[in-house]
Amino acid sequence: MTTHPVDSPDLWAGLSALDEPPAPVWEDPVPLAGPRKLTAFPVGSLPDWLREFVAAVAEETQTPVDLAGCIALSVLATAAGGRSVVQVRGHWREPTNLYVVVSLPPANRKSAVFGLLTDPLYEAEQQLRTLIQPAIVEAEMTARLAKEAADKATAKVASASADERDEMVATAIALAQTADSVTVPVKPQLLADDTTAETVTSRMAEQGGRMAVLSAEGDIFDIIAGRYSGKPNMGVFLKGHAGDRLKVDRQTREEYIEHPALTMGLCVQPQVLDDIGRQDGFKGRGLLGRFLYSVPESLVGRRKIEPDPIPEQVMETYRHHVLDLTLFLAGWTDPAVIQLTPEAVSTLTAFQARVEPMLEARSGIMGQIGDWGGKLVGATARMAALLHLAEHLNKGHTVPVAEATMRDAIALAEYFVSHSLAAFDSMGADRIAERARTVLEALRAHGWREVSKRDLMVKLSRSEFRTANDLDPVLALLEDHGYVRAQAVQRSGGRGRPPSPRYLVHPRLPDPTA
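Now for a quick tour of the structure. (Residues numbered from 1 in each chain as written. Predicted model: local features only at pLDDT ≥ 70, side-chain atom pairs only at ≥ 80, totals over all residues. Heavy atoms only, no water.)

## Observations concerning the layout of surface pockets
Test applied: For cavity detection a 1 Å grid was placed over the protein atoms alone, and a set of points counts as a cavity when a 1.4 Å probe fits there but cannot get out; an open set counts as a pocket when protein lies on both sides within 12 Å along at least five of seven lines, with lining residues being those that have an atom within 4 Å of a point. Grid points are joined across faces, edges and corners, and a volume is the space filled by probe spheres set on the points. Where helices and strands are cited, they refer to DSSP runs of H or I of at least four residues and of E of at least two residues respectively, numbered from the N terminus. When residues are grouped by polarity, Ala, Val, Leu, Ile, Met, Phe, Trp, Tyr, Cys and Pro land in nonpolar, Asp, Glu, Lys and Arg in charged, and all others, Gly among them, in polar.
Here the largest pocket is characterised by a volume of approximately 780 Å³. Lining the largest pocket are 34 residues, with G82, R83, G208, W332 and T333 sitting closest to its centre. Looking at the lining of the largest pocket, the elements that each hand over two or more residues are β1 (84-89), β2 (92-95), α4 (110-159), α6 (197-206) and β7 (254-257). Grouping the amino acids of the lining of the largest pocket by side-chain chemistry returns 18 nonpolar, 10 polar and six charged.

## A word on the nonpolar core
The test is simple: Definition used in this section: a nonpolar core is a set of buried Ala, Val, Leu, Ile, Met, Phe, Trp, Tyr and Cys residues joined via side-chain atoms within 4.5 Å. Burial classes: relative accessible area under 20% of the type maximum marks a residue as buried, over 50% as exposed, and values in between as partly exposed (1.4 Å probe, protein chains only).
In this structure, L117, F237, L262, F291, Y293, W372 and M383 are the most contacted members of the largest nonpolar core, which totals 110 residues. For this core, the leading source of residues is helix α14 (residues 403-426), giving 12 residues. In terms of nonpolar packing, the next biggest core, distinct from the first, is built from 21 residues, L456, L460, V484 and Y503 among them.

## Some words on empty space enclosed by the protein
Evaluated as defined, the whole model comprises one cavity of 30 Å³ or more. Each pocket or cavity is described by its volume, and for the largest cavity that value is around 50 Å³. Every residue along the wall of the largest cavity is listed here: A77, T78, G81, L190, R210, M211, A212, A261 and T263. Of all elements in the fold, only α3 (65-80), β5 (210-215) and β8 (261-268) reach the threshold of two or more residues within the lining of the largest cavity. Sort the elements by how many residues they give to the lining of the largest cavity and β5 lands first, with three residues. Within the lining of the largest cavity, the residues separate by chemical class into five nonpolar, three polar and one charged.

## With respect to α3
Think of an α-helix as turning once every 3.6 residues; residues three or four places apart then point the same way. Note the cut-off: Expected span, for any helix, means 1.5 Å times one less than how many residues it has.
If you check α3, its first and last C-alpha atoms are 23 Å apart, about what 16 residues at 1.5 Å a residue would give, namely 22 Å. Where α3 terminates, the next one or two residues include G82, which has phi positive at roughly 80°.

## Points about the packing of α6 against helix α8 (residues 235-242)
How we decide: Note on method: axes are straight lines fitted to C-alpha atoms, helices fitted across the in-contact stretch only, with angles between N-to-C directions ranging 0 to 180 degrees. Two residues qualify as a contact provided that any one of their heavy atoms is within 4.5 Å of a heavy atom in the partner residue.
At a minimum axis separation of 9 Å, α6 and α8 run at an interaxial angle of 40°. Residues A197, V200, T201 and M204 of α6 form the contact with α8, whose own contacting residues are V236, F237 and G240. A breakdown of the residues in the contact of α6 with α8 according to their chemical character gives five nonpolar, two polar and no charged.

## Quick notes on the pairing of β8
For clarity, the cut-off: Note: two strands are recorded as paired if DSSP finds a minimum of 2 bridges between them.
In terms of burial, β8 is largely enclosed, as eight of its eight residues are buried. Neither face of β8 is left uncovered, since the one carrying A261, T263, G265 and C267 and the one carrying L262, M264, L266 and V268 both have all their residues buried. In terms of strand pairing, strand β3 (residues 99-103) meets β8 through five bridges, oriented parallel. Residue V102 lies in a different strand from β8, and its bridge partner there is C267. In this structure, β5 lies alongside β8, joined through six bridges in parallel fashion. Looking at the pairing, V213 lines up with M264 of β8.

## Details of the pattern of salt bridges
The line we're drawing: Only one rule defines a salt bridge in this text: a Lys or Arg side-chain nitrogen within 4 Å of an Asp or Glu carboxyl oxygen.
By the definition in use, this model includes 16 salt bridges. A salt bridge links R508 to D28; the nearest nitrogen and oxygen atoms lie 2.7 Å apart. In this pair, R508 sits in the segment after β13 (502-505) while D28 sits in the loop between α1 (9-19) and α2 (48-61), placing the two residues 480 residues apart along the sequence. For R302, the salt bridge identified is with E297, shortest N-O distance 3.4 Å. What makes R302 exposed here is its relative accessible area of 51%. Counted as one network, the salt bridges with shared partners bring together E123, E316 and R319.

## Structural notes on the sheet that holds strand β4 (residues 191-192)
What the five strands build is an open sheet, ordered β4-β5-β8-β3-β9; its pairing is parallel. The open sheet has two edge strands, β4 and β9 (292-294), and neither has a second partner. On top of the sheet, α8 reaches β3 and β8; it is set at about 115° to β8, its chief contact.

## A look at the side chain of E255
For clarity, the threshold we go by: In the analysis that follows, any N or O atom pair within 3.5 Å is treated as a polar contact, provided that within protein one partner can donate a hydrogen and the other can accept it, and provided that, for residues neighboring in sequence, both atoms belong to side chains.
Residue position: E255 is located in strand β7. A relative accessible area of 15% places E255 in the buried class. Among the polar contacts made by the side chain of E255, one reaches the side chain of S202 at a distance of 2.7 Å. Not counting the four nearest positions on each side in its chain, E255 is found in contact with T201, S202, A205, L246, K247 and V248.

## Digging into the side chain of R290
The cut-off we apply is this: All tallies of charge rest on Lys and Arg as positive and Asp and Glu as negative; His and the ends of each chain are not included.
With respect to the helices, strands and loops of the structure, R290 is situated in the loop between α9 (270-278) and β9. An unpaired buried charge is present at R290: no salt bridge exists, and D371, the closest side chain of opposite charge, is 5.1 Å distant. In terms of polar contacts, R290 uses its side chain to reach the backbone carbonyl oxygen of L238, at 3.3 Å. Not counting the four nearest positions on each side in its chain, R290 is found in contact with Y99, F237, L238, H241 and K375.

## Considering α4
For clarity, the threshold we go by: The angle between axes fitted to the seven residues ending at a residue and the seven residues starting there is what we call the bend at that residue.
With 50 residues, α4 ought to run about 74 Å at 1.5 Å a step, and its terminal C-alpha atoms sit 68 Å apart, in line with that. Considering bend angle alone, the principal kink of α4 is centred on T118 and spans about 45°; proline P120 follows within four residues of it.

If you want it as structure tokens, here you go:
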């Protein structure tokens, strides 16, 4: 048996090893969600004539097909919004207006795409004005003559004798009432661009509740946020999507809209979405939950120099069909009711059953954007009605929506789920995870095995982490995922600033694949 003297180095080494805490055991960290994989725009879901034009516009302008496809939906919603509704089931009806926003960086030829897609709407607007112009002239002349007659009768009352006065007063009153009852038709207007919330409300009241804001810029968000009023003004934009009654009763104006139907089709720079996420006025009001978002990949740097032009027949067919649909529905005062086949209802119901678990706050894929996800099935019904009308044009109200059309609408809805989740990430719905990725990059770059919260603050951007408290939820998330471990804070008991919290860093973190 081997013995060791008391002063043996081997003995002291063994005793020292017993005093040291065991090395921590690290399991593989749970990866943070990275950039989302985006679904391709389902251009095959569009009717043939619309699909061909959208694809041709994307080719000639060398832009993502998503842009032309989303604006095409906005064009259909402009033609049909306020003039048709889709009967889903029971008392559930959806109007056919949409809010769509595409996020693309500069130099993506957004204005060119908007021009090609919206030109027929401006032509339809002009034709509607030409058709109604004779009635406007006649009503204006009638009103002017009636007012002149009432003014003359009123003037005669002043010089009338006592026995004639009562009869002449009655005549003047009758003529004044006649003049006041003459209604001059307003000039039809389908589109607005650079406008205020008040102007949108007034135009909708004049136009029987319908209006569309289609723009290749994001200025409308600045206006909603209060560029002119100094405070958010989104009432008309909330009710204009849902179709809720809108009543304005102010000292300067009084307006009432029974069924407002506002359509918005916008293309904004990514920075606009980022800014919206930082504005308190947009949070909790429900407006952002009404938009269908598209965030396609820019083609800048990979575009063809000599792309194929849009075939003339494809462009003429698109122009003709948009004109037909817009002019046909413009004459409806009571909205055209679009019915669903039983098969289409069953398909939509099955889709709703798939969507519902996605809305669960803790585990659902749309749990953080429940306000948006809660409107998805209704938006799907709206898109199905629009695809149906585009397929049947002026006969859409005579036949119900087929199951195949509903499946096409669901394909579009699934596209918008993918892209809207990415858009809400940009707007801050997943801001903590985004910041956690920033901290992970800092930990990797500096190769720390152990780090204090104070050391991290020194290395991180103050624009993203303004105070040390901003780090708390981020470090908690990283700890939950197994990237770091909080160390017990050793307090000295003396006065002065307490020591900064310290964290052990996963030993594999410097490996980019960790």
